[in-house]
There are 2 protein chains.
Amino acid sequence: MTQEMHPQRWGSPAHAGPLPESTQGLVEFAFGALSTPAVADVSLPASGLSDDLLAGLRDVIGAANVLTDDESRRLRTRGKSTPDLLKARSGDLTDAPDAVARPGSHDEVVQLLAWAVDHHVAVVPFGGGTSVTGGLVARREGYAGLVSLDLIRLNQLVSVDPISMTAKLQPGMRGPEAEAALAAHGMTLGHFPQSFEFATIGGFAATRSSGQNSASVGRFDQLVVGLKVATPIGELVAGSSPLNAAGPDLRQLVLGSEGTFGVITEVTVRVRAIATETAYEAWRFETFAAGQAAMRHLAQNQILPTIIRLSDESETALNLASQTAVGAEAATGCLMIVGHEGASIANKRGVVTEALTALGGEALGEERGNAWKAGRFHAPYLRDSMLDVGVLVETLETATFWSNTDRLYAAVKSALEASLGEGTLVLCHVSHVYETGCSLYFTVAAKQGDDPLPRWLAAKAAASDAMIESGATITHHHAVGTDHKAWFEREIGPVGVAMLRGVKATVDPTGILNPGVLIP
Amino acid sequence: MTQEMHPQRWGSPAHAGPLPESTQGLVEFAFGALSTPAVADVSLPASGLSDDLLAGLRDVIGAANVLTDDESRRLRTRGKSTPDLLKARSGDLTDAPDAVARPGSHDEVVQLLAWAVDHHVAVVPFGGGTSVTGGLVARREGYAGLVSLDLIRLNQLVSVDPISMTAKLQPGMRGPEAEAALAAHGMTLGHFPQSFEFATIGGFAATRSSGQNSASVGRFDQLVVGLKVATPIGELVAGSSPLNAAGPDLRQLVLGSEGTFGVITEVTVRVRAIATETAYEAWRFETFAAGQAAMRHLAQNQILPTIIRLSDESETALNLASQTAVGAEAATGCLMIVGHEGASIANKRGVVTEALTALGGEALGEERGNAWKAGRFHAPYLRDSMLDVGVLVETLETATFWSNTDRLYAAVKSALEASLGEGTLVLCHVSHVYETGCSLYFTVAAKQGDDPLPRWLAAKAAASDAMIESGATITHHHAVGTDHKAWFEREIGPVGVAMLRGVKATVDPTGILNPGVLIP
């Protein structure tokens, strides 16, 4: 099964490693001579929680489930954004929790929250630790301490309903654990974000995650039919039916609340039968605009395949150039990956193939489609390898309506290039498609420079400004955390902020839950 | 274009009329000798708003837009539930608004709300007046008066985006107005609830309406991509993108808020190209369970047609019996209506036909499908005609997951039969289908008796208890209003109620908006 992640890198050490030689050559070509920045390895400050408080916490959930050792605290320090990694590499451990608490049941979560309220201790719900927006960096000033509430012991498949095709999952299950448990019933959740191997069911729900099969399966917030939430004022059970007209949809108020309203202790999701047929294909479109027009046609005619993504010219050129099997002439234009999964895919596949061909697509066959499938969780590892050689790599994403994608694309791209200067690579792909619009996912690579953190933060701010000024969202599937708060406030406006504060003040009146995260 | 409704009946007088002779015979057979209850016609009490307040209101939106005549006030008294009609027929006009205000712009709505806050006047947003759950019966105690805020002047198509396939609509547009305006651009909203001819865009949004094409088009809350809302603390503009991870989805907090958080002044919706091909077919299944299993198969294999609905054995028998063209033997089993609409329906139609046939469905051809299409907005007129001859007819609906439909169906049916006694007809159909479950829509007919209102309210309470005790929702698409509040509270629990109250206290701190509606 999956392991905990390295405190300074993405993922399992077994999958990490130095840059392949072929990539090293490319990196040197793009960014010049490589440096190897030092990685600091300092020890943590002592836990800030008093002995009395720690003893009380041990009484609540058992001594074995309260961890204060360096390694446990270090592993729950921040998330996995490039700034998080840079801080970890530089030895900055100021955001480490004072203790890690591992409750074993909904009731223990409730009791832990009551203890935290009584002693005014900040509580940060922790799933896979894969946040890339500072979602685990809560404010600690004014609190008696900060506890990371690790949900890892809540990792069971509670029940399945094969008639309704739903499953009740505990929040600490990681992606592969959930899929393995469901597979025993012939079911799949089908939620495959890039963080799949480490992120958890609770985290998917709390951050409105979106997976690579979203075109057919839906976003995680569309997969959730029920939620159980422990709040400081009691328990919320939402989801009496698939959809209904009984007031505002409270599930949609919890989804995306990033642990600020309560701790999600159970998630009931829609599942599907495991696909018996699959096919992954590559297509080529002459331009990013032509590829987007084809995606839009499929979406607006309700004939989307299971997976569809489209790289812009830059990303296409880079991806193809790094493959030896594809000739140089194939690196022009824009690469589209199309995946079909189901019990019987021939009919839909035929319809999609006909439409893409009519819209100017050139079928490139299954080889590159299968390569994409095989490598689809690997990109974060590459980021560490690039950091190892002094190249800053980060991703950011947004979404807008179809009529606004050109403007948004140009604005974000030029903001990043202007901020990071000559030699910056900005790549983009469309990774999620709706009838009315799509997401744009940018990958940025630039020389790390002498002071990489402020250098990146300035570029990120410029890109975020560009998103909001273009009328788009600050995040399609990375959530708000602390990094996006200022732009989130602009996106939803003062009344939107007031609504969230109103809910927060009601369910968490003393403000112990993930303070400073999400809500401006 | 559509007209205002009769104050004591559904719809336009032109479409109303006595029961057809064929139906009269059926009614006499089922319920015995018919009576003709008296209909009272009393005049209204004088407006309770002081002359000073009325003068102030006229200053805000213009004298011509403040109506205090009997007819205007009577037309905005309550909605169109059977209890509403019974009260109107009995001459009970205690819930009449003191005045009707018709602001002409978002800014005028804002100013009207400021005036109402200043003078502590209750404001009831009014669209088509089609509520069947007491959504227009606000609490007036403690207020200086009660104003019906009629959105009828906000009835423009603001803009269309043919690339993103969205349209921005003002809230006072009725269904046919919206469709006509969109048709000029080759677009359709495709939202056809039974109230389509009278209900408005704002009402659809405020109540989470669901239309007859929901299987393909989606519920109204799934059609909305953007909202502009005037609240007492300012303006909310929600919807930066199709979907995103920027916190909880505030659109889903406004949708279903029934005018208690603010007045919706603009709705941006997903639209589609007008269908060039349509086909409506009837199918027969041996049992309600077999028909539901077929629906479930289509939904869980993502091959739903545009329209799908299934009558139980009782509803099938009654519907078919009232048609002369169909032999008596066809009245057994369960009738399913299947509709296909689109640019090219042959492929999907073939897939659906094959699946339904394999699952035991018997194709009955297009005649009854077309008859359903032609008559699909007429049922509410029949209710008045039945009341005219002393038969109480009402509908109620719920939704649950597939594994729970048998239990829910039996519980609601027996609760109604037990409460209303011998000779009660309880009919049911599945009108909306999801991957994980469906709605159950009940029609009840019983002798009116001497005291019809308490007789019906007791039956409605028994049915509502049965829904909640079965773990289902109190309403799939009729909203909460005042009639469902007690059961809504049980459905969402104390923390859910607290969350809604927290939002309400924030955006409407003095509680002028639709007081007593929705929020327990």
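Scroll up a little and you will see the structure.
Rules of the game
Within each chain, residue numbers correspond to sequence positions counted from 1 in written order. Chain A is the first chain written and ligand 1 is the first ligand written, with later ones labelled in order. A pLDDT threshold of at least 70 governs which residues receive local features in this predicted model, and a stricter bar of 80 or more applies before side-chain atom pairs are shown or counted, although totals over entire chains, interfaces and linings include all residues. To obtain the side-chain values, all non-hydrogen atoms of the structure were used and water was disregarded. Only DSSP runs of H or I reaching four residues or more are called helices, and only runs of E reaching two or more are called strands; each is numbered from the N terminus. Using a 1.4 Å probe on the protein chains alone, a residue whose accessible area is under 20% of its type maximum counts as buried, one over 50% counts as exposed, and one in between counts as partly exposed. Any pair of nitrogen or oxygen atoms within 3.5 Å is treated as a polar contact; in protein, a donor-acceptor pairing is required on top of that, and neighbouring residues in sequence qualify only through side-chain atoms on both sides. Any two residues having at least one pair of non-hydrogen atoms within 4.5 Å are treated as being in contact. Here the quantity called buried area is the accessible surface, traced with a 1.4 Å probe, that two parts lose on coming together, added over both. What counts as a salt bridge is simple: a side-chain nitrogen of Lys or Arg found within 4 Å of a carboxyl oxygen of Asp or Glu. Throughout this entry, Asp, Glu, Lys and Arg are counted as charged residues, while Ala, Val, Leu, Ile, Met, Phe, Trp, Tyr, Cys and Pro are counted as nonpolar. The remaining residues, Gly among them, count as polar. Multiplying 1.5 Å by the residue count of a helix minus one yields the expected span of that helix. Any two rings among Phe, Tyr and Trp, with Trp reduced to its six-membered ring, count as a pair given centres within 6.5 Å; such a pair is stacked if its planes are under 30 degrees apart, edge-to-face if over 60, and tilted if neither.

Peer 1: Report on the side chain of Glu-281 of chain B, specifying residues and quantitative values.
Peer 2: All names here are of chain B. Considering the arrangement of structural elements, one finds Glu-281 in strand β12 (residues 277–285). Overall, Glu-281 belongs to the buried group, its relative accessible area being 7%. Here Trp-283 takes part through its side chain, which lies 2.7 Å from a polar atom of the side chain of Glu-281. Sequence-distant contacts of Glu-281, defined by excluding residues within four places in its chain, comprise Met-336, Ile-337, Val-338, His-340, Arg-349, Thr-353, Gly-365, Glu-366 and Gly-369.

Peer 1: Lay out the interface of chain B and chain A in plain terms, naming residues and giving numbers.
Peer 2: In this assembly, 77 residues from chain B lie in contact with 77 residues from chain A. Summed over both sides, the interface of chain B with chain A buries roughly 5700 Å², with 67% coming from carbon and sulfur. Among the residues of chain B in contact with chain A, Leu-243, Pro-248 and Met-499 of chain B are the three that bury the most area, contributing 12% of the side total. Joining chain B to chain A, the criterion identifies four salt bridges. In this structure, the salt-bridge partner of Arg-272 of chain B is Glu-435 of chain A, at a minimum N-O distance of 2.5 Å. Listed by contribution, the elements that provide at least two residues to the side of chain B that touches chain A are β8 (224–231), β9 (234–238), α10 (251–254), α11 (288–300), α13 (346–358), β16 (391–401), β18 (437–447) and α18 (485–507) of chain B. The greatest single-element share of the side of chain B that touches chain A, amounting to 12 residues, is contributed by α18 of chain B. Tallied by class, residues from the side of chain B that touches chain A come to 36 nonpolar, 30 polar and 11 charged.

Peer 1: With reference to specific residues and values, describe helix α17 (residues 452–469) of chain B.
Peer 2: Residue and element names in this part refer to chain B. Over its 18 residues, α17 runs 26 Å from end to end, which matches the ideal 26 Å to within 8%, given 1.5 Å per residue. Of the positions making up α17, those classed as buried are Pro-452, Trp-456, Ala-459, Lys-460, Ala-463, Ser-464, Ala-466, Met-467 and Ile-468. Where α17 ends, the next residue or the one after it, Gly-471, has phi of about 75°, a positive value.

Peer 1: I'd like a description of the pattern of salt bridges, backed by residues and values.
Peer 2: All names here are of chain B. Evaluation of the coordinates by the stated rule reveals 46 salt bridges over all chains. Note that Glu-108 and Arg-153 form a salt bridge whose closest N and O atoms lie 3.9 Å from each other. With Glu-108 in helix α5 (residues 106–119) and Arg-153 in the loop between β4 (146–150) and β5 (157–161), the pair connects residues that are 45 residues apart, well separated along the chain. In this structure, the salt-bridge partner of Glu-362 is Arg-284, at a minimum N-O distance of 3.8 Å. Here Glu-362 is found in strand β15 (residues 362–365), whereas its partner Arg-284 is found in strand β12, with 78 residues between them in sequence.

Peer 1: With reference to specific residues and values, describe the packing of aromatic side chains.
Peer 2: Here the structure, examined in full by the defined rule, presents 12 aromatic pairs over all chains. Between Phe-288 of chain A and Tyr-409 of chain A the ring centres are 5.1 Å apart and the planes differ by 50°, which places this aromatic pair in the tilted class. With Phe-288 of chain A in helix α11 (residues 288–300) and Tyr-409 of chain A in helix α16 (residues 405–420), this residue pair connects regions lying 121 residues apart in the sequence. Overall, the relative accessible area of 16% leaves Tyr-409 of chain A in the buried class. Aromatic side chains Trp-10 of chain B and Phe-198 of chain B sit 5.8 Å apart centroid to centroid with 85° between the ring planes, which places their arrangement in the edge-to-face category. In this pair, Trp-10 of chain B sits in the segment before α1 (21–31) while Phe-198 of chain B sits in the loop between β7 (187–188) and α7 (201–207), placing the two residues 188 residues apart along the sequence.

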